[in-house]
Every structure is written in structure tokens, then in C-alpha cells.
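Each chain, letter by letter, is given below.
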Number of protein chains: 2
Amino acid sequence: MSRMIDTAATAAMLANAQDVVILIHQYPDGDTIGSGYALYYALRAVGKRARVECCDEIPEKYEYLLDSARAEAFEPQFVVAVDVADDKLLGSLKDVYNGRIDLCIDHHGSNTEYADYLLLKADYAAAAMVMCEVLREMNATLTSTIAECIYTGISTDTGCFKYSNADAYTHRMAADMMEIGIRYDMINRSMFDVKSRARVELERMALSGMRFYRNGKIAVMPITCEMIRESGAAENDMEGLAPMPRQIEGVWVGVTMREKPGGEFKISVRTGNHADASAICKQLDGGGHIRAAGCSLMMSLDDAIQTMVDTIVNTVDRI
Amino acid sequence: MSRMIDTAATAAMLANAQDVVILIHQYPDGDTIGSGYALYYALRAVGKRARVECCDEIPEKYEYLLDSARAEAFEPQFVVAVDVADDKLLGSLKDVYNGRIDLCIDHHGSNTEYADYLLLKADYAAAAMVMCEVLREMNATLTSTIAECIYTGISTDTGCFKYSNADAYTHRMAADMMEIGIRYDMINRSMFDVKSRARVELERMALSGMRFYRNGKIAVMPITCEMIRESGAAENDMEGLAPMPRQIEGVWVGVTMREKPGGEFKISVRTGNHADASAICKQLDGGGHIRAAGCSLMMSLDDAIQTMVDTIVNTVDRI
């Protein structure tokens, strides 16, 4: 269990900290990177030693946030995790920092309270918004670089202000960052507009293989190992495929089935107002939220599709 | 030539107007519909007769903005065009209201000044933002319905806050609308997330036919009459295809070639920092902006592709 603290106490703790290691989560995304580097730059600006650590490489598309960063070797005296809901998500760094994480700054209601102290704002769209409030409380100068970190966290975690978590406060904080002077055009372009050729090829194959049931109310999109191999898609080309079937007009339940090398299918279910994704996946020992849930099936593709369609038909009224 | 007026003068003019016809542009989009209906509801709320007129049907996906609207027959005493840069864009209504348009409220720098009076804010992302300022100046009550009209205009004209025109002021005005209480989640979903099956099929075919030149720096995507016929795509399924080739990593110049029934190709060129789309299209008697331009070619598909690639290679350095 963590001791819950507020923004002011968090700011005071960081103001007193020395030689700070900032941990961000595996498969790092814009929010964990943005939050982590915003804190890094603020600590460096007041003469502290700091570094960001991640078990995975930072994807190339986030490199504009790292231009002013330098790696520094030191023995950490204070360890803070940002946007990390569970210490499992530290990957190989979990064992390195086990029991030594002083503070966690997060926005996930599901935080497992692995850190000594926890600043949690579960109603915020992005951890970067929690971080922005902490930095303001620390009287940190919000430079363009820090503002780009915060903006990147906000825009990536809200799907560029498209998701329901992008409320008025989110827009206002983004506007504050823009007024500092940031390259938001370049950021949005590289976050939301650029796809690799392999990704485009994979999308094309996935669309070709899409199957419809119940008069178009169910759409199933298999992503097989063969498609992944043939398209040349890498792990970071696979992000954001799950919403595709549900985006088609008239679809109540969209199912993405990703084949894993061992023959298992990792299944993502997305629903609109007419169906409960979590109720569907619970039937198959999975779980999640009402609009997005998941489960796993170990069987042939055809059997997995049949199982999903049967389960949906039995769970969703009038489908 | 129009007489240019400011927001206060526009508000005063509308406050005195009776029996108002509001004209919006052909192939109506979220901004012209949102701006037009925002004004309609504000005028109705103070007991005036008003109606919105468009030469085309309002697409079904905007119907949530029309729920409280009622058609009313009356002889217009005041005619205002909103988000209409050129009276040609009134389509069949141009002749009906020729020389009778009292006022235009717009955000296009290219406005042709066909109305007696013009309120123009060319640096605003959406006409809905100009309208919002007018309604505030009129002391109109910004109801949820009006706020949804304004938000729809802003979000559609900025690609859901993705384009460079979405500046800090744009975000703040959107936040103001959200605080009034609007269904922004539903709006963003239906504007940006839903595609028809025909559209998905057309995208799949278009991706299959994409061709790359100059080491992937040029991408050409033909959309043939056959693809349109086979996919079953309607005119409103064709929106927003032009950016697709340029979204692929490494592409400097993205070309979309849409075959028209007579055998002509309508060509859209999109570029990044490395190339000038307008310079390319000028070589072929077309024109446009530095990042987005167009031209037409009357020849076979293969010749049209060869012509485009040759022109690009001759116009763009180091491609």
C-alpha cells in the first residue's frame, strides 16, 4: 500500500530529492515519455542530477523530446515512477528497483500502490497533466521543451483530443502549453499522421480478411502470423489496430484476433452503445471495460471466430 | 466588393434583421452547417423567423444538430451567407439569391466579397469561431445545442485539433463549449471514427494499387472508376482520401489520382517540408497551396502516372 499524497506534498518531496531516477513503463508511449522527460528537464534546470530509465528503447518518433537530454551515471538516491500503473510494467527494471521506488505519479485508477508515496489523479486524461500541476507547484520554468513533453502526453493519451477523456480542462492545459510556444503541428503529424509501409500493408491485408456476421453488426478482423511476416510489420507497427473493425458503420461489436507464435489468439473486443465488451469477454475468462475488453483463445482460427461469434450472439440482445 | 465590418457591427446588424435566410455552402461540411445552425437557433431564441438553406442535402451524420430545427416558410428580408468563400459555392442557390446577399460571415482569406457586408477573420480555424464571437456580442444564450454547433465546426475544420490551424485560442473556445455541456464524445466518434463498408473496401483497393517511386519518396494512389463501382462507394465516401499516400513514412510527395467518368484524372498532391505541391501542379496548369495542390490530366492512367512522376522529379530537388 502507498501513502497517498497531494500535488503540493509531491512537489515538496521532489524539491528535496537528489540524484533522481525516473522510471517509465515498458513499450513506452507518449504519455509516459512526456511525463518522465518533463520532470527530467525540470530537475536538471535547477541543477539536480537526473535520468530517465526504461526497459525498452524509446521509439524513434519521440526523439524530438530527447534532443536536450544527456545520459548521466550516478547512484540514485530517489526513485520516481511516472504513468506506471503496476510495477510489472517496468519489465526488466522491476527487479533492479524492487522495493526502492519512493514515489509514483499516475492517472490510472488501477494503480497497484507499489511505491512508498503515490500522487494519483484518476480523472485526468494523461499522467502528463498530473506532472504539469506538480511542476507548476515546484515553480519550475515551463520551457518549450517541457511544454512539448506535456503536450505530447496529452495529445497521445486522448487520441489527439478525440476520446471522451479529453474534457475542457484537458483542452485548456493543451492551450497553456501551446502559448509557451511548441511545435504542435509537427508533433501531431508525427504522432497521428505517419504510418510505416509495413503498417499500411498490414492494414490492407487485415481489411481484406475482415469478416462480417449478423447482418454486419459483428465484424471480425484476424491478424495472422503470416500477415505480420508478409507485411514486415514490427511490434510498434501493431499499435492501434483494435479499433478498426468497430469503426465501420453499422458494427455493434468489433473483434480483432491477433495470432501469437504459439498458436494462441489474443482477442480485442470493442463495442458501441448496444453491447458490453466486458460481458462478452468474461464468458471466455477475459475482462476489461464496457467499451473495450479482451480475452485469449487457444484453438484454430476458424474455431476461434466461431467461438467469438457464438459468445457475442448469446451475450448481446437483439444482435 | 464588400464593405468590411467588425464583430460588433455584425451583431448589431443581425439584432435588427427580420425574416432571415442563412445560406451555407454546397457539399456542406461540419463548419458551414455548425455556423449556420448556431445562428439559426440564436435568432429563433429571440423570436425571429429564420431558416437555413443549402443546395445539397445535409448529410445524415450531422442530423444531431438539426433535432430542434423546423422549416419555416417566409419571404426573406435579410440574407446572410456563412462559411461561403465564393457565391459559386452556393450551387443552385446562387441564382436564387444573386445580388441579394446582405452579409457574409467567413474565415477564408480567399473570400470573393460577393456580399454587401463582410465579417472576415482569415486567421481563425473555423467560421464557427467567428460565429461564436458574433453570438456572444449579440448576448445570445449559448445553449447546449448552439455549443454543439460551434464545437462541430471547430472540430471538423481542424481534423479534431490535429491540423496546424488548431491554435491555443481554438482549444480554449472548444473548452468553453464543452463547459456548457455537449456530447463531444458522440460528436467526435461520428465525425472521425465511423466509415461505411464501401469506404473501407475502397481504401483497401486503393492501398492495394498504391505505387512507389524514387526509393519510396513518391507514392501514387490511383482511384479508378472500377474501384468506385466495385466498392459501391458514394460521393460522401470519397472525402479525405487525398492525405493517404503522404501519411506513409518516408514519402515526400503523395499523389492521389481520381478517375472521372469522362476519362479525366483529378489529381491531388500533398507534400511535407521537402517539396512544394503548388510548384508541382503549376507545371501542369493546376495550383493550390505549398502543402496541398491539385491539377487535372486527360490521358490514360499509365501516362498520367508517368507525367506526374516526371514532373515531380523535375520540380523537387534531391528527390
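Here the structure is a predicted model, which means the values were calculated and not measured.

Looking only at helices and strands, chain A has eleven helices and twelve strands in total. Computed over its C-alpha atoms, the radius of gyration of chain A comes to 21 Å, within 12% of the 20 Å expected for a compact globule of 319 residues. For chain A, the C-alpha atoms occupy an extent of roughly 60 × 40 × 35 Å along the three principal directions. For chain A, with 319 residues in total, the buried portion stands at 54%. Accessible surface, chain A as shown: approximately 13,700 Å² in total, 45% of it carbon and sulfur. Taken as two groups, the 32 positive and 46 negative side-chain charges of chain A have centres that lie 3 Å from each other.

Let's shift gears to the interface of chain A and chain B. Between chain A and chain B, the residue contacts involve 36 residues of the former and 36 residues of the latter. Carbon and sulfur atoms supply 55% of the area that chain A and chain B bury against each other, a total of about 3,500 Å² over both sides. Of all residues in chain A, K162, R172 and R197 of chain A bury the most surface against chain B, accounting for 18% of the area lost on that side. Run the count over chain A and chain B and you get six salt bridges. Between R172 of chain A and E179 of chain B there is a salt bridge, with the nearest N and O atoms lying 2.7 Å from each other. Seen at the junction of chain A and chain B, the total is 21 residue pairs in polar contact (both at pLDDT 80 or more). Elements that contribute at least two residues to the side of chain A that touches chain B include exactly α6 (168–181), α7 (184–192) and α8 (197–208) of chain A. With eight residues, α6 of chain A is the single largest residue contributor to the side of chain A that touches chain B. Counted by class, the side of chain A that touches chain B contains 16 nonpolar, seven polar and 13 charged residues.

All names here are of chain B. As for its placement among the helices and strands, Y97 is situated in the loop between α3 (93–96) and β5 (103–106). Put simply, Y97 and V79 are 18 residues apart on the chain and 8.1 Å apart in space, counted from C-alpha to C-alpha. Not counting residues within four places of it along the chain, the set of residues in contact with Y97 comprises V21, L23, R51, E53, P76 and V79.

Glancing now at the pattern of salt bridges. Per the counting criterion, the structure on display carries 28 salt bridges over all chains. Residue E133 of chain A pairs with K121 of chain A through a salt bridge whose shortest N-O separation is 3.2 Å. With E133 of chain A in helix α4 (residues 127–137) and K121 of chain A in the loop between β6 (117–120) and α4, the pair connects residues that are twelve residues apart, well separated along the chain. A salt bridge links R183 of chain A to E148 of chain A, with the nearest nitrogen and oxygen atoms 2.7 Å apart. Of the two residues, R183 of chain A is situated in the loop between α6 and α7 and E148 of chain A in helix α5 (residues 144–157); the sequence distance between them amounts to 35 residues. A relative accessible area of 42% means that R183 of chain A is categorised as partly exposed. We classify E148 of chain A as buried; its relative accessible area is 6%. Overlapping salt bridges, with partners in common, bring together R136, D176 and E179 of chain A together with R172 of chain B in one network.

Of the transformation superimposing chain A on chain B, the axial component is 0.0 Å and the angular component is 180 degrees, with the fit at an RMSD of 0.1 Å. The two molecules are tied by a two-fold rotation axis, judged by turn and shift. Of the residues that chain A buries at the interface, 100% are likewise interface residues in chain B, meaning the two copies contact each other through the same surface.

Here we take up the environment of G159 of chain A. Residue and element names in this part refer to chain A. Tracing the chain through its elements places G159 in the loop between α5 and α6. Accessibility expressed as a relative area gives 13% for G159, which makes it buried. Residues G159 and F192, spaced 33 residues apart in sequence, show a C-alpha to C-alpha distance of 8.1 Å.

What counts, and where the lines are drawn
- Residues numbered from 1 in each chain as written.
- Chains lettered and ligands numbered in written order.
- Predicted model: local features only at pLDDT ≥ 70, side-chain atom pairs only at ≥ 80, totals over all residues.
- Heavy atoms only, no water.
- Helix = DSSP H or I, 4+ residues; strand = E, 2+ residues; numbered from the N terminus.
- Rg over C-alpha atoms; globule rule 2.2 N^0.38 Å.
- Buried < 20%, exposed > 50% of the residue type's maximum accessible area, 1.4 Å probe, protein only.
- Areas by Shrake-Rupley, 256 points an atom, 1.4 Å probe, with all protein chains shown as cover.
- Lys, Arg positive; Asp, Glu negative; His and termini not counted.
- Charge placed at Lys NZ, Arg CZ, Asp CG, Glu CD.
- Contact = heavy atoms within 4.5 Å.
- Buried area = accessible area lost by both parts, 1.4 Å probe.
- Salt bridge = Lys/Arg side-chain N within 4 Å of Asp/Glu carboxyl O.
- Polar contact = N/O pair within 3.5 Å; in protein donor to acceptor, adjacent residues only side chain to side chain.
- Nonpolar A, V, L, I, M, F, W, Y, C, P; charged D, E, K, R; others polar.
- Least-squares fit on C-alpha atoms with pLDDT ≥ 70 in both.

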